Amino acid sequence: MEKRSDKAAESLGFVQGFVRMCNDGWLQGWHERNGGNLSYRLTNQEVAEARPYFGEPRSWHEVGVELPNLAGEYFLVTGSGKYMRNVILDPAANIGICELDESGSRWRIVWGLDGGARPTSEFPTHLMNHSVRKQATDGANRVIYHCHATNVIALTYVLPLTDRDFSRALWQSATECPVVFPEGVGVVEWMVPGGVDIARATSKKMETYQAAIWAQHGLFVSGPDFDTAFGLAHTIEKSAEIYVKVLSCGQGIRQTITDDDLRAIAHDFGVTLNESFLD
Ligand code: 13P
Ligand code: ZN
């Protein structure tokens, strides 16, 4: 069967949702130059919808780890070195669909990433996070998103780099936070980006948390759909912004949300807070 045009593939619902999220992140100021990346694990239905647009299969590449629970899955992913602000102008040149082989250890491009582009340099972290979050959510998680959220990064210069310190600061800086991420957030110390080592460290955090902060670099979030994943990043960054503003007032913190307040929120909203982060 003849391959259908890229323009038609770009009108598929999940491609449109993906493109919108790339642009939303750009509009937030989280994607200077080629900063940040996004990946989405397709449903079987979406793979069937997209298949008529797949081109000649390209060569296989090693992930660097084996992820059996992702064997045979398809991912829409941003390209390495591509700018989030350009995705909306030309999706097929800036994003593409990759297939994982039957062992979950190699990927190849089946659509998009035109002109010799490759998936994000953070593809190992995306895939390992997909693997861990798929397992942790019984298959519900489909989105992994990395952004250079300004205030989250700023806090990694002044707060101790522990899960507890960041989770408490974020919970206390916006009342919705304990409801949106009651388990807290993970913090990964500064590491060289783009490889398997940082991927392993991040995915270890993602066994417990929906989000992980990379010191002096940015934020990784997960979610079942684009709205939820983007909303999580937005909530964390907004809370970090408030905390940065509070610190910037320069007079210290006069009052905050207490641990008993946090427990009361959790009780009324029916969520289970990570008690090990409470006094
Ligand atoms: P890519 O352009 O390879 O996606 O890298 C951007 C980035 O944010 C690396 O952490
Ligand atoms: Zn980055």
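Since the model is a prediction, treat every value here as computed from it, not as a measurement. The numbers attached to residues start from 1 for each chain and follow its sequence in the written order. Key to labels: chains lettered from A, ligands numbered from 1, both in the order written. In keeping with the predicted nature of the model, local features appear solely for residues at pLDDT of at least 70, side-chain atom pairs appear and are counted solely at 80 or more, and the whole-chain, interface and lining totals rest on all residues. Based on all heavy atoms of the structure, the side-chain values leave hydrogens and waters out of the count.

Colleague: Please provide a residue-by-residue account of the overall build of the chain, values included.
Modeller: Labels follow the DSSP assignment, with helices taken as runs of H or I lasting at least four residues and strands as runs of E lasting at least two, numbered in each case from the N terminus. The helix and strand tally for the chain stands at 12 helices and nine strands. Along the longest, intermediate and shortest principal axes, the C-alpha atoms of the chain span 65 × 35 × 35 Å. Considering the chain as a whole, with its 279 residues, one finds that 54% of them fall into the buried category. Should any heavy atoms of two residues lie within 4.5 Å, those residues are considered in contact. Residue pairs in contact within the chain that sit at least 24 positions apart in sequence constitute 73% of those at least 6 positions apart. Carbon and sulfur atoms provide 50% of the accessible area of the chain, an area that totals close to 12,500 Å². Positive charges are assigned to Lys and Arg, negative charges to Asp and Glu, while His and the chain termini are left out of the count. Working definition for charges: the position is that of NZ of Lys, CZ of Arg, CG of Asp or CD of Glu. In the chain, the 25 positive side-chain charges and the 35 negative ones have mean positions that sit 3 Å from each other. Relative accessibility thresholds used throughout: buried, under 20% of the residue-type maximum; exposed, over 50%; partly exposed, between the two (1.4 Å probe, protein chains only). Per-residue and other accessible areas were derived by the Shrake-Rupley procedure at a 1.4 Å probe size, with only the shown protein chains allowed to occlude residues.

Colleague: So, the site of ligand 1: which residues are in play, and what are the values?
Modeller: What makes a residue near a molecule or strand is one non-hydrogen atom of that residue sitting within 4 Å of it. Near ligand 1 you find Asn34, Gly35, Gly36, Asn37, Ser80, Gly81, Thr120, Ser121, Glu122, His146, His148 and His217, and these make up its full shell. Residue Gly36 places a main-chain N or O atom 2.9 Å away from an oxygen atom belonging to ligand 1. Here an oxygen atom of ligand 1 and a side-chain polar atom of His148 are 3.0 Å apart. Look at ligand 1: alone it shows 310 Å² of surface, and the protein chains cover 91% of it. Among the residues forming the shell around ligand 1, the class breakdown is no nonpolar, 11 polar and one charged. Any pair of nitrogen or oxygen atoms within 3.5 Å is treated as a polar contact; in protein, a donor-acceptor pairing is required on top of that, and neighbouring residues in sequence qualify only through side-chain atoms on both sides. Side-chain classes follow a simple rule in which Ala, Val, Leu, Ile, Met, Phe, Trp, Tyr, Cys and Pro form the nonpolar group, Asp, Glu, Lys and Arg form the charged group, and the remainder, Gly included, forms the polar group.

Colleague: Kindly report on the side chain of Thr125, identifying the contributing residues and their values.
Modeller: In this fold, Thr125 is placed in helix H6 (residues 123-136). Here Thr125 is in contact with Gly195, Ile198, Ala199, Thr202, Trp214 and Phe220, once residues within four sequence places are set aside.

Keep in mind these numbers describe shape, not what the thing actually does.
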